[in-house]
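Fold and geometry: a report
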Amino acid sequence: MKILVGYVPTPEGEAALEAAAAEAELRGAAVLLLNTSRGDAYIDSRYANQAELDAAEARLRERGVEVTIQQAVGTGDVAAELLKAAEANDVTLIVLGLRRRSPVGKLILGSTAQRVLLESPVPVLAVKVAGSRDD
């Protein structure tokens, strides 16, 4: 079994990483950590640096979880990258972190998570940051 986690170095990404680690422990699965950039800026804070990737890898390995890390640069379509990685790596679960967005923000910008939820051939676990709530 393999679990794909869409990871970005944000609270939402950390929540997804934690959920993926818990699922991997529960299921005896390996984790594929995918970090990708939208490619819409010269510097993208969502694109993890090596120290952030090393820390994420160490957290998973400390829990006894086998991990593989992949990065994709500048495709502009994060949902497509996640779906492509899921298919290419025969994953059984995708884990995503969610952030709160206004209805107008969702309408104008679309939603990576929504697209993955609708198009994924495997179950998707969507998690929020602990303590966050919708108003």
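Residues numbered from 1 in each chain as written. Predicted model: local features only at pLDDT ≥ 70, side-chain atom pairs only at ≥ 80, totals over all residues. Heavy atoms only, no water.

Looking now at the packing of helix 3 (residues 78-88) against helix 5 (residues 112-119). In the contact formed by helix 3 and helix 5, the axes pass within 8 Å of each other and the chain directions differ by 35 degrees. Between helix 3 and helix 5 the crossing geometry is right-handed. Here Val78, Ala79, Ala80, Leu82 and Leu83 of helix 3 come into contact with helix 5, specifically with Thr112, Arg115, Val116 and Glu119. Within the contact of helix 3 with helix 5, the residues separate by chemical class into 6 nonpolar, 1 polar and 2 charged. (Axes fitted to C-alpha atoms, helices over the stretch in contact; angles between N-to-C directions. Helix = DSSP H or I, 4+ residues; strand = E, 2+ residues; numbered from the N terminus. Left-handed = near helix turned anticlockwise from the far one by under 90°. Contact = heavy atoms within 4.5 Å. Nonpolar A, V, L, I, M, F, W, Y, C, P; charged D, E, K, R; others polar.)

Turning our eyes to something else, we now look at the nonpolar core. With 22 residues, the main nonpolar core has Ile3, Val5, Leu17, Val31, Leu33, Leu60 and Val95 as its most contacted residues. Those elements giving two or more residues to this core turn out to be strand 1 (2-6), helix 1 (11-27), strand 2 (30-36), helix 2 (50-62) and strand 4 (93-98). Here this core takes 7 residues from helix 1, the largest share from any one element. Ranked by size, the runner-up nonpolar core spans 15 residues in total, among them Leu83, Ala85, Val91 and Val122. (Core = buried A, V, L, I, M, F, W, Y, C linked by side-chain atoms within 4.5 Å. Buried < 20%, exposed > 50% of the residue type's maximum accessible area, 1.4 Å probe, protein only.)

Counting buried residues along strand 2, 7 of its 7 residues qualify, which places the element largely inside the surrounding structure. By the alternation rule, side chains of strand 2 split into Ala30, Leu32, Leu34 and Thr36 and Val31, Leu33 and Asn35, which are all buried. One ladder, built from 5 bridges, connects strand 1 with strand 2; its direction is parallel. Paired with Val5 across the strands is Leu33, a residue of strand 2. Each parallel crossover has a hand, and for strand 1 linked through helix 1 to strand 2 it is right-handed. Sheet topology places strand 2 next to strand 3 (residues 67-72); 6 bridges connect them, and they run parallel. Residue pairing in the sheet places Thr36 in a bridge with Ala72 of strand 3. (Pairing = 2+ DSSP bridges. Right-handed = clockwise from strand over helix to strand, strands pointing away.)

Once that is clear, we can look at the sheet that holds strand 3. The strand order 3-2-1-4-5 describes an open sheet built from 5 strands, whose pairing is parallel. Looking at which strands have only one partner, the edges of the open sheet turn out to be strand 3 and strand 5 (124-128). Averaged over all pairs of adjacent strands, the angle between their axes in this sheet comes to 20 degrees, without regard to strand direction. The sheet strands contacting helix 3 are strand 1, strand 2, strand 3 and strand 4, and the helix crosses strand 2 at an angle near 155 degrees. Against the sheet, helix 5 contacts strand 4 and strand 5, and its axis sits at roughly 155 degrees relative to strand 4.

The geometry of helix 1 relative to helix 2 is characterised by a closest axis approach of 10 Å and an angle of 25 degrees between their N-to-C directions. On the basis of the axis angle, helix 1 is roughly parallel to helix 2. For the pair helix 1 and helix 2, the crossing hand works out as right-handed. Contact residues: Glu14, Leu17, Glu18 and Ala21 in helix 1; Ala56, Arg59 and Leu60 in helix 2. Grouping the amino acids of the contact of helix 1 with helix 2 by side-chain chemistry returns 4 nonpolar, no polar and 3 charged. (Parallel < 35°, antiparallel > 145°, perpendicular 65-115°, else oblique.)

Another aspect to go through is helix 3. All of the buried residues in helix 3 are Val78, Ala79, Glu81, Leu82, Leu83, Ala85 and Ala86. Residues of helix 3 that are buried in the fold lie against strand 1, strand 2, strand 3, strand 4 and helix 5. At the exit of helix 3 stands Asp90, carrying a positive phi of roughly 50 degrees.

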